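# Tertiary structure, described
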Amino acid sequence: SLGHKQTKPNPWDTYEKDFELNTIHKSIVSEVIDKGAIIALNDDISAFCPSRHLEKEDGSLLLKGDEAEFKVIEFNKEFKRVVYLILQLTKMIFQ
């Protein structure tokens, strides 16, 4: 018999389309940790932004509650992992 989980669609199938590589999303920093920050994508999923990618144009770091535009640099449905890069850093790298 099927359990409850097997009868519900896998939300990561939708996330794979919504958060595909190189897409841009305006999101809020929900938590800052030693290795980076947790970025809220929606009520069910968060992304990780490594600390080396948290610097803003003025040299300051993003803090909890800050909103910024982020670019998806890694999406892994199998490991349920999304990695972000702050967008203005992307612009500085490729200028």
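Further up the page is the structure itself.
All of the points below concern the structure found in this document. This structure is a prediction, so every number in the text was calculated from the model and none was measured. (Residues numbered from 1 in each chain as written. Predicted model: local features only at pLDDT ≥ 70, side-chain atom pairs only at ≥ 80, totals over all residues. Heavy atoms only, no water.)

### What about the environment of Val32?
Relative to the helices and strands, Val32 is located in strand S1 (residues 24-33). Taking the C-alpha atoms as reference, Val32 lies 8.8 Å from Ser51; in sequence the two are 19 residues apart. Discounting residues that sit within four places of it in the chain, Val32 has contacts with Ala37, Leu62, Leu63 and Lys64. (Helix = DSSP H or I, 4+ residues; strand = E, 2+ residues; numbered from the N terminus. Contact = heavy atoms within 4.5 Å.)

### Details of the nonpolar core
Of all hydrophobic cores here, the largest spans 19 residues; its most connected members are Phe19, Ile39, Phe70, Val82 and Tyr84. Contributing elements (two or more residues each) for this core: helix H2 (11-18), strand S2 (36-40), strand S3 (46-50), strand S4 (67-76) and strand S5 (81-86). Per-element accounting of this core gives the leading share, 4 residues, to S4. Setting aside its immediate chain neighbours within four residues, Phe19 contacts His25, Leu41, Asn42, Ile45, Val72, Phe75 and Tyr84. (Core = buried A, V, L, I, M, F, W, Y, C linked by side-chain atoms within 4.5 Å. Buried < 20%, exposed > 50% of the residue type's maximum accessible area, 1.4 Å probe, protein only.)

### Comments concerning the pattern of salt bridges
Evaluation of the coordinates by the stated rule reveals 4 salt bridges. Where Glu74 meets Arg81, a salt bridge forms, and the shortest distance between an N and an O atom there is 3.0 Å. Relative accessible area serves as the criterion here: at 27%, Glu74 is assigned to the partly exposed category. Salt bridges linked by common partners bring Asp13, Glu16 and Lys77 together as one network. (Salt bridge = Lys/Arg side-chain N within 4 Å of Asp/Glu carboxyl O.)

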